[in-house]
Amino acid sequence: MKKKGDDEDSSEEVTKTIDVGGFGLNCLCILIVSLVALFLKFAPIPRSVGIHCDDVTIRKEYKGNTIGGPQIIILVSITTAIVILITEGITSFYRRPTIPIRYKLGALKFGEFLYNSFNYYWGFFYGFAGYFLICCVIKIYCGRLRPNFLAVCDPDPATFICDGSDVNRYGYTEDYHCRGDPRLVKDARESFPSLHAASAAGSALYICAYLNAKITKPVLQPMRTLFQLLFVVLALVVSLQRITDNAHHWTDVLAGFIIGILGAIYTLHCVVHWFTESNGIDIDFSTNGCVEHPHVKLS
């Protein structure tokens, strides 16, 4: 029997219509969050804080970035996309429904492989944009100096007075002028929290939960566990590398890790609902969610 909202192209195929309005609204929300986060990352000047003359935690050498900011964004985005596409491709091949289901978005039609891949990647990107924005806001508000700040700042001795004289009897100064590259100096004021750690931790947890939900055959569980361990180790390596690069204090990395994990948990619970499948094949994100998702009209 044909359901309302479903159009059958033939007796062997069912077409389900995606709510264009809901789809567009969600895309717009993600776009706004992403643009605001990028603006906060590259436009404003972070809060300028003073320097304690005896603070040895900001006197380390400048080593550069083993993995830069743009690189970590590209790395986690591409890695997650590859994992989802490969997994969904294998799942679609081995779990074919008796009656193929097609999805319609305006004039476009596509199968479950693209539909599920987009939904899962949409969920990942939603969470990623969220904790990216949170980290940028905290960075600007705190303005914590990186461990290599003095090496990057190269303060003018005429303004950076730390000789214990009456001018600076308390060993603390705010009136100093940096002679270093303004772009690097700005970045050196954004130590807390670590965006690298948040991105790595959040992506690793999301991928691990995704693999745990999609790879359920007992014979494949050892392989699944191996890949999950690999992503966790990679997240730890990326995070710890920020400490060895003298780009973050260990507390920055810990805070970033916590933000990434909490962001991933929120995404898994409220956006993709821990990848719950309604009938073993068809994914329906439209019910019992904390965040409205572009949903399919099933009735």
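Remember, predicted model here, so these are calculated numbers, not experimental data. (Residues numbered from 1 in each chain as written. Predicted model: local features only at pLDDT ≥ 70, side-chain atom pairs only at ≥ 80, totals over all residues. Heavy atoms only, no water.)

S.K.: I'd love a proper account of the nonpolar core, names of residues and values included.
M.R.: In terms of nonpolar packing, the biggest core is built from 34 residues, with Y206, Y210, L211 and F275 touching the most fellow members. Of all the secondary-structure elements, those providing two or more residues to this core are α1 (20-42), α2 (69-94), α3 (112-142), α6 (195-214), α7 (221-244) and α8 (250-271). Beyond its immediate chain neighbours, meaning those up to four positions away, Y206 contacts Y120, G123, F124, A264, T267, L268, V272 and F275. Within the second largest apolar cluster, 13 residues are counted, among which are V49, F160, V185 and A188. (Core = buried A, V, L, I, M, F, W, Y, C linked by side-chain atoms within 4.5 Å. Buried < 20%, exposed > 50% of the residue type's maximum accessible area, 1.4 Å probe, protein only. Helix = DSSP H or I, 4+ residues; strand = E, 2+ residues; numbered from the N terminus. Contact = heavy atoms within 4.5 Å.)

S.K.: Any chance you could break down the state of the cysteines for me, citing the residues and the numbers?
M.R.: Inspection of the entire model under this criterion finds 1 disulfide. You can see C136 has no disulfide; the closest cysteine sulfur is in C135, sitting 7.0 Å from it. (Disulfide = S-S within 2.5 Å.)

S.K.: Can you lay out a nonpolar patch on the surface for me, pointing to particular residues and giving the numbers?
M.R.: Taken together, the side chains of L25, L28, L31, I32, L35, V36, L38 and F42 define a hydrophobic patch exposed on the protein surface, amounting to about 750 Å² of accessible area. For V36, the location among the structural elements is in helix α1. A residue is classified by how much of its surface remains accessible, and V36, at 38% relative accessible area, is partly exposed. (Patch = residues over 30% accessible without salt bridge, like charges linked within 9 Å, V, L, I, M, F, W, Y side chains within 5 Å. Areas by Shrake-Rupley, 256 points an atom, 1.4 Å probe, with all protein chains shown as cover. Salt bridge = Lys/Arg side-chain N within 4 Å of Asp/Glu carboxyl O.)

S.K.: Lay out the pattern of salt bridges with the relevant residues and their values.
M.R.: Counted by the stated rule, this structure contains 6 salt bridges. We note a salt bridge from K41 to E190, for which the minimum N-O separation is 3.8 Å. With a gap of 149 residues between them, K41 in helix α1 and E190 in the loop between α5 (182-187) and α6 connect regions that are remote in the sequence. Summarising the burial analysis for this pair, K41 and E190 share the class buried. Of the charged contacts, one joins D187 and R146 as a salt bridge, the two residues approaching to 3.4 Å between their closest N and O atoms.

S.K.: Could you give me a rundown of the pairing of strand β4 (residues 101-105), with the residues and numbers involved?
M.R.: Residues I101, Y103 and L105 of β4 are buried on one face, while the alternating residues R102 and K104, pointing to the opposite face, are not. Examined bridge by bridge, β4 and strand β5 (residues 108-110) share 3 bridges and lie antiparallel to one another. Its bridge partner being in β5, K104 is matched across the sheet by K109. Between β4 and β5, which follow one another and run antiparallel, lie 2 residues, and G106 among them has a positive phi close to 65 degrees. (Pairing = 2+ DSSP bridges.)

S.K.: A description of the packing of aromatic side chains should follow, citing residues and the corresponding values.
M.R.: Going through the model one piece at a time under the given rule, you end up with 15 aromatic pairs. Centroid distance Y120 to Y210: 5.3 Å. Interplanar angle 65 degrees. Geometry classified as edge-to-face. Highlighted residues: Y120 in helix α3 and Y210 in helix α6, separated in sequence by 90 residues. Ring plane angle 55 degrees and centroid distance 5.8 Å describe the contact between F124 and Y206, whose orientation is recorded as tilted. In this pair, F124 is assigned in helix α3 and Y206 in helix α6, connecting sequence segments 82 residues apart. Note on accessibility: F124 and Y206 belong to one class, buried. Within the aromatic cluster, the residues linked to one another by ring pairs are Y120, Y121, F124, F125, F128, Y131, F132, Y206, Y210 and F275. (Phe/Tyr/Trp six-rings, centres within 6.5 Å; stacked < 30°, edge-to-face > 60°.)

Geometry only, nothing functional implied.
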